[in-house]
Amino acid sequence: MDYATLKLVHQAAVVLSISGFVVRGIAALAGAAWVRGRPARTLPHGVDTVLLLSAVAIAWLLRLNPIETPWLLAKIIGLLVYIGLGIVALRPGLPWRVRAVALVGAVLCFAQIAAMAITKSPAGMLSWV
């Protein structure tokens with residue numbers, strides 16, 4: 001697969017992933033039952049798998065090494081933080097306020113990851129200030 005196609009697949013997966021996460025997060029905070037259903041719990045894994053595989057393929061194609069590419073390493077660290085916040089935001093047993101703060105934090109973390117990808121800077125959004 002060529003770079004342009006990989007990038008398009010990656011960008012589409014990014015949009016699907018964050019859109020699905022925000023919808024699930026808001027629905028979870030509202031107490032919607034469908035959030036606990038099988039499709040809502042499994043479909044995001046498929047989207048995120050495509051997202052991760054396309055990211056690895058792009059990095060491989062461009063020969064990007066996270067150790068030598070600070071913005072890529074920062075994105076990977078940001079991804080781990082995003083995943084952690086997402087787990088907290090979607091966990092039903094936690095207090096509403098904790099989940100709401102985690103949801104906002106995860107969305108802000110996502111925005112920072114996207115900004116790092118756009119700017120090719122570990123500063124991400126801060127490089128625009």
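Look a little higher up for the structure.
What counts, and where the lines are drawn
Residues numbered from 1 in each chain as written. Predicted model: local features only at pLDDT ≥ 70, side-chain atom pairs only at ≥ 80, totals over all residues. Heavy atoms only, no water. Helix = DSSP H or I, 4+ residues; strand = E, 2+ residues; numbered from the N terminus. Buried < 20%, exposed > 50% of the residue type's maximum accessible area, 1.4 Å probe, protein only. Expected span 1.5 Å × (residues − 1). Arc of directions from axis to C-beta. Contact = heavy atoms within 4.5 Å. Lys, Arg positive; Asp, Glu negative; His and termini not counted. Salt bridge = Lys/Arg side-chain N within 4 Å of Asp/Glu carboxyl O. Polar contact = N/O pair within 3.5 Å; in protein donor to acceptor, adjacent residues only side chain to side chain.

Undergrad: Help me understand the environment of I76, please; the structure alone is not making it clear to me.
TA: If you trace the backbone, I76 turns up in helix α3 (residues 70-90). Accessibility expressed as a relative area gives 36% for I76, which makes it partly exposed. Taking the C-alpha atoms as reference points, I76 and A27, separated by 49 residues in sequence, lie 27 Å from one another.

Undergrad: Just checking my understanding: could you explain α3 for this structure?
TA: It helps to recall that an α-helix has 3.6 residues per turn; residues three or four apart then point in one direction. Its 21 residues place the ends of α3 30 Å apart at the C-alpha level, agreeing with the 30 Å of an ideal helix rising 1.5 Å per residue. The complete set of buried residues in α3 reads W71, L72, A74, K75, G78, Y82, G86 and A89. Angularly, the buried residues of α3 cover 140 degrees about the axis, an arc narrow enough to put them on a single face. Those residues of α3 that are exposed and angled more than 90 degrees off the buried face are P70 and L80. Where the residues of α3 are buried, they touch α1 (3-30), α2 (38-61) and α4 (96-119).

Undergrad: Whenever I open this one, the side chain of R99 confuses me. Can you help?
TA: Note that R99 resides in helix α4. Within the buried core, R99 has no salt-bridge partner, and the shortest N-O distance to an opposite charge, that of D48, equals 17 Å. A polar contact is formed between the side chain of R99 and the backbone oxygen of A28, at a distance of 3.4 Å. Within polar-contact distance, the side chain of R99 engages the backbone oxygen of L94 at 3.2 Å. Contacts of R99, omitting those with residues within four sequence positions, involve A28, L29, V88, A89, R91, P92 and L94.

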